[in-house]
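Residue-level structure breakdown
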Amino acid sequence: MAQVSEATRAKVADEIRFDILQGVPEGENDLKRSQIARTFICLPHHILPVPTKEMYSYALQASLGDDISSALEAHIAKITGKRGGSFHAIRPPYTVLCDYRAHIFKYEAGGAGFHSGAAVTPVIPSNGHHLTLDDVQANMVYGPEIAYAPTEVIALENTLNGTIIPQDEVIAISEFAHSKGIKMHLDGARIWHVAAETGISLKELVEPFDTVSLCFSKGLGAPIGSCLVGTKEYITRARRIRKLFGGGMRQTGLLSGSVAYALTYHFPLLPRVHALAHKLEKSLEDIGVTILSPAETCMIFYDAGSIGTTYDEIAERGAALPEPLFLGGSRLVLHIQTTEAAVSDFTKLIATIAEEKRKTGFVKPEVKVNGHQDVYVRRAH
Ligand SMILES: *Cc1c(COP(=O)(O)O)cnc(C)c1O
């Protein structure tokens, strides 16, 4: 091999170098954190809150390598009570029945069909709030009719748009599903909020389900995303499929350490977030704003039209405040880094706009809120 000069090596290293601490203006992270504290937008692909310095320094103290990740997996298995049992592979043709507002139906780029060959039966809850056993029975597909793909999985989401499914209903659906040999899956990305709000243990909440996905990066604010729990055979198969998709991970100690921090120090903050959401809802109602979906946990959906304005106007005026607010459409998401000041500034902005509209002759129309509608109204772009 020809001798490689130092200069050549340096040139290669120079090309590869990506020192992100070079050229970052001082205070940029602090600015980002202060903006997050005033941000109410959380699109399905946005993540709030952001990881904290405390979280990262805690995670740094965790042991290296994958031990901590194995310990985390064991802990999640313990608090969800999911292990053992048998797994039946499900193959097309089949359908997954879910709420028509479900994340797996709307916000995963059609992933159910792509990844597993499943067709989805999206169901509109007849009570406008959550799927009931009646809804499920009315929309299930079974029997010998070959024109239909049979329902093999019922996937519930809790919370859904921040609302909680009554546990009695979950149990009723699950007992019925299991009596027909149908699997129950829980999209529990935000199940932490249900546990925090209702005081029901995680184990009890997920007991009616065969498989559960949990997300650490939504309400809990850890980096990266989700964790899947289920029977041992199911998880072995899921690991294999993860590998197949190129999703295997190594040296995850720092991530798992951040999750441990979030479970320990962020989970207990959720009741404060819910209380703040309730306070915001009450203030909006006092101003005369129509609430489209109530603050049961950390989200509120509201109707800008009910005070004669638009989401665009609200977002623009929020952005123009001396201390800006970051707003989207009808959906307001509060999180552990949302400040009281952000909520009261938003409330003041809404009150000001409502007053202006009243002065120019706006009268709130008599509209019946149709709980069935998809309350997620985006801003125009
Ligand atoms: C974010 C979210 C998901 C997806 O979680 P990932 O971490 O992106 O896999 C699924 N369901 C709900 C309800 C979510 O909010």
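Rules of the game
- Residues numbered from 1 in each chain as written.
- Predicted model: local features only at pLDDT ≥ 70, side-chain atom pairs only at ≥ 80, totals over all residues.
- Heavy atoms only, no water.
- UniProt positions renumbered as here; feature names shortened; annotations may be inferred.
- Helix = DSSP H or I, 4+ residues; strand = E, 2+ residues; numbered from the N terminus.
- Buried < 20%, exposed > 50% of the residue type's maximum accessible area, 1.4 Å probe, protein only.
- Polar contact = N/O pair within 3.5 Å; in protein donor to acceptor, adjacent residues only side chain to side chain.
- Contact = heavy atoms within 4.5 Å.
- Axes fitted to C-alpha atoms, helices over the stretch in contact; angles between N-to-C directions.
- Parallel < 35°, antiparallel > 145°, perpendicular 65-115°, else oblique.
- Nonpolar A, V, L, I, M, F, W, Y, C, P; charged D, E, K, R; others polar.

The chain has a UniProt comment under Sequence similarities (unreviewed entry) that states "Belongs to the threonine aldolase family." What the UniProt record of the chain gives under Cofactor (unreviewed entry) is the line "pyridoxal 5'-phosphate".

1. Notes on the UniProt feature "modified residue: N6-(pyridoxal phosphate)lysine" (unreviewed entry) in the chain
Per the UniProt record, "modified residue: N6-(pyridoxal phosphate)lysine" (unreviewed entry) is found at Lys-218. The topology assignment puts Lys-218 in the loop between β5 (211–215) and β6 (226–229). Judged by its relative accessible area of 12%, Lys-218 is buried.

2. Side note on the side chain of Ser-256
Here Ser-256 shows up in helix α12 (residues 253–266). Engagement of the side chain of Ser-256 in a polar contact is seen with the side chain of Ser-69, the distance being 2.6 Å. Other than its neighbours up to four places away in sequence, Ser-256 contacts Ile-68, Ser-69 and Leu-72.

3. Some details on the packing of helix α9 (residues 191–198) against helix α13 (residues 270–287)
Following both chains from N to C, one finds α9 and α13 inclined at 85 degrees, their axes separated by 9 Å at the closest point. Here α9 is positioned roughly perpendicular relative to α13, judged by the angle of their axes. Contacts between α9 and α13 involve Trp-192, His-193, Ala-196 and Glu-197 from the former and Leu-270, Pro-271, His-274 and His-278 from the latter. Considered class by class, the residues forming the contact of α9 with α13 number 4 nonpolar, 3 polar and 1 charged.

4. Details of unusual backbone geometry
The omega torsion across Pro-92 and Pro-93 is 0 degrees, close enough to zero to call that bond cis. For the bond running from Asn-158 to Thr-159, omega is 0 degrees, close enough to zero to count as cis. As for its position among the elements, Thr-159 is in the loop between β3 (151–157) and α8 (167–179). Residues other than glycine seldom take positive phi values, yet Asn-161 does so here, at roughly 50 degrees. Within the secondary structure, Asn-161 sits in the loop between β3 and α8.

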